[in-house]
Amino acid sequence: MILETLFIILPLAIIFLIPGGSIVNQRFGRYLSSILYLTGIIIGILLVPEILSSSKSITLAGFKPPFGINLYLSPLSLFGGIIIYFIALVITLNDINKKRPAYYYLQFALFIFASIGMISTGDLFNLFIMIEIGAITTLSITASENKKLGSRGAIKYMVLSG
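This write-up is about the structure you can find in this document. Sequence order as written defines residue numbering, which begins from 1 separately in each chain. Selection of residues for local features in this predicted model requires a pLDDT of at least 70, selection of side-chain atom pairs for listing and counting requires 80 or more, and totals for whole chains, interfaces and linings are taken over all residues. The basis for every side-chain value is the complete set of non-hydrogen atoms in the structure, without hydrogens or water.

Look at helix 2 (residues 17–24) against helix 3 (residues 28–53): their axes get within 8 Å of each other, and the N-to-C directions meet at 140°. By the angle between their axes, helix 2 is oblique relative to helix 3. Counting all contacts with helix 2, which are made through L17, I18, G21 and S22, the residues of helix 3 involved are F28, G29, L32 and S33. Gly is placed with the polar residues, together with every amino acid not listed as nonpolar (Ala, Val, Leu, Ile, Met, Phe, Trp, Tyr, Cys and Pro) or charged (Asp, Glu, Lys and Arg). A breakdown of the residues in the contact of helix 2 with helix 3 according to their chemical character gives four nonpolar, four polar and no charged. Angles shown run from 0 to 180 degrees and are taken between the N-to-C directions of axes, each axis being a line fitted to C-alpha atoms and, for helices, limited to the stretch in contact. Runs of H or I in DSSP of at least four residues are treated as helices and runs of E of at least two as strands, each being numbered from the N terminus. For classification purposes, an angle smaller than 35 degrees is called roughly parallel, one larger than 145 roughly antiparallel, one from 65 to 115 roughly perpendicular, and anything else oblique. Whether two residues touch is decided by their heavy atoms; if any such pair falls within 4.5 Å, the residues are in contact.

Between helix 2 and helix 5 (residues 102–120), the least distance of the axes is 9 Å, while the angle of their chain directions is 160°. Viewed along their axes, helix 2 and helix 5 adopt a mutual orientation that is roughly antiparallel. Handedness of the crossing formed by helix 2 with helix 5: right-handed. Contacts between helix 2 and helix 5 involve I18, P19 and S22 on the former and, on the latter, A102, Y105 and L106. Here the contact of helix 2 with helix 5 is built from residues that sort into five nonpolar, one polar and no charged. Left-handed is the label given to a crossing in which the near helix is rotated counterclockwise from the far helix by less than a right angle, and right-handed is the label when the rotation is clockwise.

Quick look at a nonpolar patch on the surface now. A cluster of nonpolar side chains, namely I2, L3, L6, L38, I42 and L46, defines an oily patch on the protein surface of about 550 Å² accessible area. Broken down by secondary-structure element, the contributors of at least two residues to the nonpolar patch are helix 1 (2–14) and helix 3. Its location among the elements puts I42 in helix 3. Three labels apply to residues, based on accessible area from a 1.4 Å probe with only protein chains included: buried if under 20% of the type maximum, exposed if over 50%, partly exposed otherwise in between. Owing to a relative accessible area of 46%, I42 belongs among the partly exposed residues under this scheme. A patch consists of residues exposed above 30% relative accessible area that lack any salt bridge, with like charges linked at up to 9 Å and nonpolar side chains (Val, Leu, Ile, Met, Phe, Trp, Tyr) linked at up to 5 Å. Each accessible area is a Shrake-Rupley estimate made with a 1.4 Å probe; only the visible protein chains count as cover when residues are assessed. The rule for a salt bridge is simple: a side-chain nitrogen of Lys or Arg has to be within 4 Å of a carboxyl oxygen of Asp or Glu.

Bringing the packing of aromatic side chains into the picture now. A pair of aromatic rings is counted whenever rings of Phe, Tyr or Trp (Trp by its six-membered ring) have centres within 6.5 Å, and the orientation is called stacked for planes under 30 degrees apart, edge-to-face for over 60 and tilted otherwise. With the rule as written, the count across this model stands at five aromatic pairs. The interplanar angle of 70° and the centroid separation of 5.4 Å between the aromatic rings of F7 and Y85 together place this pair among those described as edge-to-face. Of this pair, F7 sits in helix 1 while Y85 sits in helix 4 (residues 75–94), and the two are 78 residues apart along the sequence. Given a relative accessible area of 1%, F7 falls into the buried group. A relative accessible area of 0% places Y85 in the buried class. Between Y37 and F108 the ring centres are 6.1 Å apart and the planes differ by 90°, which places this aromatic pair in the edge-to-face class. With Y37 in helix 3 and F108 in helix 5, this residue pair connects regions lying 71 residues apart in the sequence. Assigned by exposure class, Y37 and F108 land together as buried. The structure contains a cluster of three or more aromatic residues connected by ring pairs, namely F7, Y37, Y85, Y104, Y105 and F108. The cationic tip of R100 hangs over the ring face of Y104; the distance from NZ or CZ to the ring centre is 4.4 Å. Charges are assigned to positions over rings by a cutoff of 6 Å between ring centre and Lys NZ or Arg CZ, combined with an angular limit of 35 degrees from the ring normal.

This paragraph deals with the side chain of T137. Residue position: T137 is located in helix 6 (residues 124–145). The buried category is assigned to T137, whose relative accessible area is 4%. Each residue touching T137, except ones within four places of it in the same chain, is listed here: Q107, L110 and F111.

On their own, these measurements won't tell you what the molecule is for.
What follows is the structure, encoded as structure tokens:
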């Protein structure tokens, strides 16, 4: 039960360390993000035999599914999560030599959390929340890259996507 929950909320648990560690060392966010995604892949691989035998439904916060958070891990959502973590690891390793601010890695990890949450949620309300988190982080990543053109592009994206 702990590994299943950790597989889904690992980026959310770690993103709060990125800004604090980046005060001490500018490269902290880069390396922590890479370790985060590699850990997500390892946890996903450890969960494969258990999830292949039977899918898991996880209820968080002690409330039943219409009122609480219901997460559902099936073989398809587990493999999708492993692929998302792998793509995030490749992107982060590609950006390891680039000068990116710490908030970029925070926003990217939040986007990865939203992506994994979208494929592993068990109800429509939490799916909507994850879509909103993903949209907001996409807009903030777009706006943060180039201040003038990025903000203009983010506003266009927000207006056109609804």
